Amino acid sequence: MSAVDDYIKENAEIHKFAAEVARIISGMPQMPEFSSETITVADASQLIGLPVTAIRAGIVYGWLPIGVAIQNNKPAKSLSGSRITYIISPRKVYEVTGHVWRGKEALRKTNKTEEHIEK
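All of the points below concern the structure found in this document. Remember, predicted model here, so these are calculated numbers, not experimental data.

About the criteria used
- Residues numbered from 1 in each chain as written.
- Predicted model: local features only at pLDDT ≥ 70, side-chain atom pairs only at ≥ 80, totals over all residues.
- Heavy atoms only, no water.
- Helix = DSSP H or I, 4+ residues; strand = E, 2+ residues; numbered from the N terminus.
- Rg over C-alpha atoms; globule rule 2.2 N^0.38 Å.
- Buried < 20%, exposed > 50% of the residue type's maximum accessible area, 1.4 Å probe, protein only.
- Contact = heavy atoms within 4.5 Å.
- Areas by Shrake-Rupley, 256 points an atom, 1.4 Å probe, with all protein chains shown as cover.
- Lys, Arg positive; Asp, Glu negative; His and termini not counted.
- Charge placed at Lys NZ, Arg CZ, Asp CG, Glu CD.
- Salt bridge = Lys/Arg side-chain N within 4 Å of Asp/Glu carboxyl O.
- Patch = residues over 30% accessible without salt bridge, like charges linked within 9 Å, V, L, I, M, F, W, Y side chains within 5 Å.
- Expected span 1.5 Å × (residues − 1).
- Pairing = 2+ DSSP bridges.
- Polar contact = N/O pair within 3.5 Å; in protein donor to acceptor, adjacent residues only side chain to side chain.

**Some thoughts on the overall build of the protein chain**
So, step 1. A tally of regular secondary structure across the protein chain gives five helices and three strands.
So, step 2. Walking the protein chain from its N terminus toward its C terminus, one meets helices and strands in the order α-α-α-β-β-β-α-α.
So, step 3. In terms of overall size, the protein chain is more extended than a compact globule, its C-alpha atoms giving a radius of gyration of 19 Å where 119 residues would be expected to give roughly 14 Å.
So, step 4. Dimensions of the protein chain along its principal axes, counting C-alpha atoms only, are 55 × 45 × 30 Å.
So, step 5. Taking all 119 residues of the protein chain together, 26% fall into the buried category.
So, step 6. Across the protein chain, contacts joining residues at least 24 apart in sequence account for 45% of those joining residues at least 6 apart.
So, step 7. Taken as a whole, the protein chain presents about 8,700 Å² of accessible surface, with 58% of it coming from carbon and sulfur.
So, step 8. Between the mean site of the 15 positive side-chain charges and the mean site of the 13 negative ones, the protein chain shows a separation of 10 Å.

**Quick word on the pattern of salt bridges**
So, step 1. Taken as a whole, this structure holds three salt bridges when the rule is applied.
So, step 2. In this structure, the salt-bridge partner of E105 is R108, at a minimum N-O distance of 2.7 Å. Pair noted here: E105 and R108 are both in helix 5 (residues 104-118), with a separation of three residues, about one helical turn.
So, step 3. Assessed through its relative accessible area of 44%, R108 is described here as partly exposed.

**Describing a negative patch on the surface**
So, step 1. Taken together, the side chains of D5, D6, E10 and E13 make up a negatively charged region of the molecular surface.
So, step 2. Note that D6 resides in helix 1 (residues 3-26).

**Some details on helix 1**
So, step 1. Taking 1.5 Å of rise per residue, the 24 residues of helix 1 would be expected to cover 34 Å, and the 34 Å separating its terminal C-alpha atoms lies within 8% of that figure.
So, step 2. Note on helix 1: the residue one or two positions beyond its end, G27, has a positive phi of about 80°.

**Remarks on the sheet that holds strand 1 (residues 67-71)**
So, step 1. Reading across the sheet, the three strands line up as 2-1-3 and stay open at both edges, with antiparallel pairing between neighbours. With partners counted over all chains shown, the strands left at the sheet margins are strand 2 (74-75) and strand 3 (85-88), one partner each.
So, step 2. Summarising the sheet, strand 1 and strand 3 pair through four bridges and their orientation is antiparallel. Within strand 3, the position partnered with V68 by the bridge is I87.

**Concerning the environment of S35**
So, step 1. Considering the arrangement of structural elements, one finds S35 in the loop between helix 1 and helix 2 (41-48).
So, step 2. Owing to a relative accessible area of 18%, S35 belongs among the buried residues under this scheme.
So, step 3. With 71 residues separating them along the chain, S35 and A106 place their C-alpha atoms 9.6 Å apart.
So, step 4. Those residues in contact with S35 that sit more than four places away from it in its chain are W101, R102 and G103.
So, step 5. Separated by 3.1 Å, the side chain of S35 and the backbone nitrogen of E37 make a polar contact.

Distances and angles like these do not, on their own, reveal function.
The structure is reproduced here in structure tokens:
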């Protein structure tokens with residue numbers, strides 16, 4: 001390794017340590033691991049416990065800031081008009097609701113467990 005590589009490695013370790021100390025001091029919980037699978041509106045609905053229509057409206061109108069809504073390559077302003085694409089961030093879902101996105105399989109298992117408990 002060159003001196004530059006050593007310097008970069010040491011600097012990265014110092015920044016990582018400083019970030020951990022800042023997190024501890026501020027009382028912020030450690031960020032959980034999220035699934036790399038994309039999260040759909042239907043998935044978010046099941047995870048959060050809101051109807052699909054509420055998830056869509058919340059993203060478009062801004063009262064549920066868990067992602068963005070795109071219509072004609074611009075941020076969507078309303079639910080009417082042409083097709084809207086929703087991009088939902090698992091990190092934002094966690095920050096806003098406290099729910100952790102662990103993927104579709106984990107969501108299915110959670111729903112089956114809840115159904116079993118209700119019976």
